[in-house]
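Letter by letter, the chains look like this.
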Amino acid sequence: MGTTTGDHHQHPHQWVNLSAKRPFAKALKSDLTETFFPDNPFGGLGDLPAGARVFRVLQYFVPILEWGPKYTLSNFRYDLLAGVTIASLAIPQGISYARLANLPPIIGLYSSFVPPLIYAVFGSSKNLAVGTVAAASLLLASIIGADVPAAEDPQLYLNTFYTAAFFTGVMQAVLGIFRWLKGMLGMKHFTTKTDLVSVMHSIFFYRHEWRWESFVLGICFLFFLLLSRHLKTKVPKLFWVSAIAPLLVVVIGGIFAYLVHGEEHGIPIVGDLKKGLNPISISDLNFQSRHLTTAIKAGLLSGFLALAEGIAVGRSLALMKNEQIDGNKEMVAFGIMNIVGSFTSCYLTTGPFSKSAVNFHAGCKTAMSNVVMSICIMMVLLFLAPLFKYTPLVALAAIIVVAMIGLIEIKEFRRLFKVDKFDFCICMVAFLGVVLFSMVIGLSFSVGLSIIRALLYVARPTTCRLGNIRGTELFRDAKQYPDSLSLPNILILKLGSPIYFANAGYLRERITRWLEDEESVRKKNGEDIHHVIVEIGGVTSIDNSGIGMLNEVHANLDRRGIQMALVNPRLEVADKLMSSGFIELVGQDWVFLSVNDAVTACRFNLQESRNKEDRA
C-alpha cells in the first residue's frame, strides 16, 4: 500500500494497492486456468459427489454427453429434415471435391460418412455441417501433386492424402489443447498446376480435345446452378432449391449420360463406384517415405485453412441464434475427426460454409443432423453408389465452378477497402497470388504480410500524449482530441501494450522523443517540464527488458530534474515492479490510481516548490 512520506499528498485520493503480491504457484495456476479454461467450466465441482464430478468433466470434453440426455423427439424432427437436406448436398459436393483433388470420387463419399459422426460427439456447434471443401481440396492437390503426380502413382498419391489428413488432425488437436475450367470442355489431358497462365495454356494447347457436346451440357448445368443460387438470394425461404440443385444436376446428368451413351459422344463420366463402407486405411499412412515432408506441409497448410473456415462459420451461425461455441473444443473436435478420418479412407474435412448454411436454414437443433447425414451417406455407400457411375464429369465441373464463384466475395473486397486498406492489400495479394501463381504462393505471401503486420504492432506499439478535455477531469489522446489542453509543466503519456524485449527499445526512444518535442515547444513559451506522468493501465505484462527500459527512462528524467509518476499499474505489472525495486526507486507516493489523482499531486508539488522559492 502506498504511504504518505511527502506532504504533496495532503489532498485526498484513492491509493494503488501495491501489496497484493500473489504466490508463484497461485499465479501460475490462475494463468493456466485462464488459458485453457477461460469459461471456468469446473466451477462448483467441489460440492458434487465424486461420480457427478467425473461426469461433469466428461461433459465438458465430450459435448454429446451434455446435450444427448436432454435430446427430445421434437428436436429430432428438425434434425432429420436438416440432415437429409445436407446429405443431398454432400453427395454431389463430395464427389466433385474429390475430383477437384484428383482423388477417386468414392473418397468424397467416405469423407462424408465417418467425420460427421466423430464431430457429433466432440463438436460444440449445433449448426456446423461437416464435409470436404473446395479450397482445401485444391490446396492439397497443388502441394501433393507437385511432389507425387496422381497419374504416375495413384496409390502413393492417395496414401499421401491420408497421411496429410493425419497431420492435419494432430495439428488441430494440439492447437485445441494448447489454444493455438477443365471439365466444362470434356478434356482428358490437363495441367496439374493451378495458376491462370498454366490453365489457359493447357486449355488452348489441348484444344483438339474440346467437345462441344460437353461444353453445351456444362453451360446448361452452370446456368441452372447459378439460377438456384440467385433464387435463394431473392427468396430466402427457398434455400432448399439451392441445396438440392447440385444433387439434381448429378441425377439428371447421370440419367442423360446413360440414355444417350454420353461417353461415346464426348461426355466423359465418373466411372465405377464400388459399394461398401470405408475400408480401414491406417496401414496406408506412410511415415517413412521421402514424401513425408510433403504430407506434413500439405497437412499443416490445409489444416490451418480448414480450421479458420470451420471455426469462423460455426461462430457466425451461432451468433445468429444468440449461441456460443468453444473454439478450443472445435479445434479438438476437428483434430480427432481428421485423425480418425485418416484411418478410414477419408481426406481433410471441416465445416464448409455452404453446407453449414443449408443446415442452419433447414432448422437444425443439434449436431444430430450430422448423424442423420452420415446415415444417409452410409445407405448410399451400401446400396446406391454404383448408380452414380454415369455422372458426367461436366456436371461435377459445373458444381466446382459455382463453388469457386461463391468464394469470391465482392462485397467483402469493398468492405475491406473501406475499413482497412492494409487488410485489403493482404486480401489482394492472396487473390492475385492464387490466380497468377499457386495457392501455396498466394497464401504464403498473404500470411507473411499478416505476420509482418502483427510484428510491427508488437514491436511498434501505440503510445500517445494525453490532454485534458476542457471542463472535465478526463484525459484523452491529444491527437484524437486536438482541442484538449496541455497542462503547464506536466507531460502525460500513455502506454497501451505489453512491454518486453521486442518493444522496450522503441518505447524508450519514443518516450524520450515525446519529452524532447514537448520541451522544445514549451520552451518557446518560457515553460519547463517538471513532471512526466506515465499511464500504464493498458500494459498487461512486462518482462525484465521492459523493467530495464523504465529504469533508463527514470534515470533520464532524474538527470533532467523531472519527477516521474505512474498511473494504474495492473496486478501482474505492479507485482514485478515492486519485486524489481522500481516502485521504491520512483517512490510509492508517485504511483496513482487515476491520471487526475496524479495531476492533482503534481500541481500540489509544483505549488509547494514555488512557495519554497518565494520564501527563499
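For clarity, every value in this text was computed on a predicted model and none was experimentally measured.

Definitions and limits used
- Residues numbered from 1 in each chain as written.
- Predicted model: local features only at pLDDT ≥ 70, side-chain atom pairs only at ≥ 80, totals over all residues.
- Heavy atoms only, no water.
- Helix = DSSP H or I, 4+ residues; strand = E, 2+ residues; numbered from the N terminus.
- Areas by Shrake-Rupley, 256 points an atom, 1.4 Å probe, with all protein chains shown as cover.
- Contact = heavy atoms within 4.5 Å.
- Polar contact = N/O pair within 3.5 Å; in protein donor to acceptor, adjacent residues only side chain to side chain.
- pLDDT = per-residue confidence, 0-100.
- Core = buried A, V, L, I, M, F, W, Y, C linked by side-chain atoms within 4.5 Å.
- Buried < 20%, exposed > 50% of the residue type's maximum accessible area, 1.4 Å probe, protein only.
- Salt bridge = Lys/Arg side-chain N within 4 Å of Asp/Glu carboxyl O.
- Pairing = 2+ DSSP bridges.
- Right-handed = clockwise from strand over helix to strand, strands pointing away.
- Axes fitted to C-alpha atoms, helices over the stretch in contact; angles between N-to-C directions.
- Patch = residues over 30% accessible without salt bridge, like charges linked within 9 Å, V, L, I, M, F, W, Y side chains within 5 Å.
- Expected span 1.5 Å × (residues − 1).
- Phe/Tyr/Trp six-rings, centres within 6.5 Å; stacked < 30°, edge-to-face > 60°.
- Lys NZ or Arg CZ within 6 Å of the ring centre and 35° of its normal.

Notes on the overall build of the chain
Then comes step 1: For the chain, the count of helices and strands is 24 helices and six strands.
Then comes step 2: Of the accessible surface of the chain, which amounts to about 31,000 Å², a share of 63% is contributed by carbon and sulfur atoms.

Considering the environment of Ser281
Then comes step 1: By the element assignment, Ser281 lies in the loop between α11 (239–260) and α12 (292–320).
Then comes step 2: Between the alpha carbons of Ser281 and Val340 there is a distance of 9.9 Å; along the sequence they are 59 residues apart.
Then comes step 3: Beyond its immediate sequence surroundings of up to four residues, Ser281 is in contact with Tyr162, Ser342, Phe343, Thr344 and Ser345.
Then comes step 4: One polar contact links the side chain of Ser281 to the main-chain carbonyl oxygen of Ser342, over a distance of 2.7 Å.
Then comes step 5: Reaching out from Ser281, the side chain makes a polar contact with the backbone nitrogen of Thr344 at a distance of 3.3 Å.

With respect to the confidence of the model for the chain
Then comes step 1: Per-residue confidence for the chain gives a mean pLDDT of 85, with 87% of residues at or over 70.
Then comes step 2: This stretch, residues 1–12, has a pLDDT under 50; its non-local contacts, to residues over four places away or in other chains, come to 32 contacts.

Concerning the nonpolar core
Then comes step 1: Judged by nonpolar contacts, the single largest core of 87 residues is most densely connected at Leu103, Ile106, Ile107, Leu140, Ile144, Phe161 and Tyr347.
Then comes step 2: In terms of residue count, helix α16 (residues 393–407) provides more of this core than any other element does, 10 residues in total.
Then comes step 3: In contact with Ile144, not counting residues within four places along its chain, are Tyr157, Thr160, Phe161, Ala164, Thr294 and Ala298.
Then comes step 4: Counting 50 residues, the second largest nonpolar core, distinct from the first, contains Val16, Leu466, Leu491 and Trp590.

Brief notes about the pattern of salt bridges
Then comes step 1: Taken as a whole and judged by the stated rule, the model has 11 salt bridges.
Then comes step 2: One salt bridge connects Glu516 with Arg560, and the closest N-O pair in it is separated by 3.7 Å. With Glu516 in helix α20 (residues 501–523) and Arg560 in the loop between α21 (544–559) and β5 (563–567), the pair connects residues that are 44 residues apart, well separated along the chain.
Then comes step 3: In this structure Glu516 comes out as partly exposed when scored by relative accessible area, which is 41%.
Then comes step 4: Residues Arg522 and Glu527 are paired through a salt bridge, measuring 2.8 Å at the closest nitrogen-oxygen approach. Summarising the burial analysis for this pair, Arg522 and Glu527 share the class buried.
Then comes step 5: Among the charged side chains, a salt-bridge network with shared partners connects Arg465, Glu518, Arg522 and Glu527.

Topic: the side chain of Gln59
Then comes step 1: Take Gln59: it is sitting in helix α2 (residues 50–61).
Then comes step 2: Discounting residues that sit within four places of it in the chain, Gln59 has contacts with Leu65 and Glu66.

Quick notes on the pairing of strand β4 (residues 531–535)
Then comes step 1: Counting buried positions over the five residues of β4 gives five, a clear majority of the element.
Then comes step 2: Alignment of strand β3 (residues 490–495) against β4, held across five bridges, turns out to be parallel. If you follow Leu491 over to β4, its bridge partner there is Val532.
Then comes step 3: Where the polypeptide runs from β3 across α20 and back to β4, its parallel neighbour, the crossover connection is right-handed.
Then comes step 4: Across five bridges, β4 lies against β5 in parallel orientation. By the bridge assignment, Ile533 is partnered in β5 with Ala565.
Then comes step 5: In this fold, the crossover linking β4 to β5 by way of α21 has right-handed handedness.

Focus on the sheet that holds β5
Then comes step 1: Taking strand neighbours across the sheet as the criterion, the six strands line up as β2-β1-β3-β4-β5-β6 in an open arrangement whose pairing is mixed. In this open sheet, the two strands that pair with only one neighbour each are β2 (475–477) and β6 (591–592).
Then comes step 2: Sheet strands touched by α20: β1 (463–468), β3 and β4. Its angle to β3, the strand with the most contacts, is close to 155°.
Then comes step 3: Of the strands in this sheet, β1, β2, β3, β4, β5 and β6 touch helix α24 (residues 595–615), which is tilted by about 170° from β4.

Some points on a nonpolar patch on the surface
Then comes step 1: Taken together, Ile408, Ile410, Phe431, Leu432, Leu436, Phe437, Ile441 and Phe445 make up a surface patch of nonpolar side chains, about 720 Å² in accessible area.
Then comes step 2: Those elements that place two or more of their residues in the nonpolar patch are α18 (421–436) and α19 (439–459).
Then comes step 3: The element that contributes the greatest number of residues to the nonpolar patch is α18, accounting for three residues.
Then comes step 4: Secondary-structure assignment places Phe445 in helix α19.
Then comes step 5: Under the relative-accessibility criterion, Phe445 is labelled exposed at 54%.

Quick notes on the side chain of Ser345
Then comes step 1: Relative to the elements of secondary structure, Ser345 occurs in the loop between α13 (327–343) and α14 (353–361).
Then comes step 2: For Ser345, a relative accessible area of 3% puts it in the buried group.
Then comes step 3: Of the polar contacts made by the side chain of Ser345, one reaches the backbone oxygen of Pro279; its length is 2.6 Å.
Then comes step 4: Dropping the residues within four chain positions of it, Ser345 is found in contact with Ile107, Tyr110, Tyr162, Pro279 and Ser281.

A closer look at unusual backbone geometry
Then comes step 1: One non-glycine residue, Asn102, lies in the positive phi region at around 60°.
Then comes step 2: Among the secondary structure elements, Asn102 is positioned in the loop between α4 (73–100) and α5 (105–110).
Then comes step 3: Asn102 gets classed as partly exposed once you look at its relative accessible area, which sits at 41%.
Then comes step 4: In the Ramachandran plot, Asn568 falls in the positive-phi region, its phi being about 55° despite a non-glycine side chain.
Then comes step 5: Mapped onto the secondary structure, Asn568 falls in the loop between β5 and α22 (571–580).
Then comes step 6: The partly exposed category is assigned to Asn568, whose relative accessible area is 29%.

Comments concerning α13
Then comes step 1: Its 17 residues give α13 an end-to-end C-alpha distance of 25 Å, which sits within 8% of 24 Å, the value for a rise of 1.5 Å per residue.
Then comes step 2: Among the 17 residues in α13, 13 count as buried, and that is most of the element.
Then comes step 3: The N-capping residue of α13, defined by a side-chain oxygen 2.9 Å from the backbone nitrogen of Asn328, is Asp326.
Then comes step 4: Just beyond α13, the residue with positive phi is Ser345, at close to 60°.

A short note on α20
Then comes step 1: When the terminal C-alpha atoms of α20 are compared, their 34 Å separation across 23 residues agrees well with the 33 Å that a helix rising 1.5 Å per residue should span.
Then comes step 2: Residues of α20 that are buried: Asn503, Ala504, Tyr506, Leu507, Arg510, Ile511, Trp514, Leu515, Glu518, Glu519 and Arg522.

Quick notes on the packing of aromatic side chains
Then comes step 1: Tallied over the entire structure, the rule returns 14 aromatic pairs.
Then comes step 2: Here the aromatic rings of Tyr119 and Phe334 are separated by 5.9 Å at their centres, their planes lie at 20°, and the arrangement is stacked. Neither residue differs from the other here; Tyr119 and Phe334 are each classed as buried.
Then comes step 3: On the numbers, 5.0 Å between centres and 55° between planes, the contact of Tyr157 with Phe161 is tilted. Within this pair, Tyr157 and its partner Phe161 are both found in helix α8 (residues 154–178), separated by four residues, close to a single helical turn.
Then comes step 4: A connected cluster of aromatic rings, assembled from ring pairs, spans Phe166, Phe167, Phe287 and Phe343.
Then comes step 5: Across the ring face of Tyr78, the terminal group of Lys365 is positioned such that the distance to the ring centre comes to 4.7 Å.
Then comes step 6: For the cation-ring pair, Arg510 lies above Trp514, with the distance from its terminal atom to the ring centre recorded as 4.1 Å.

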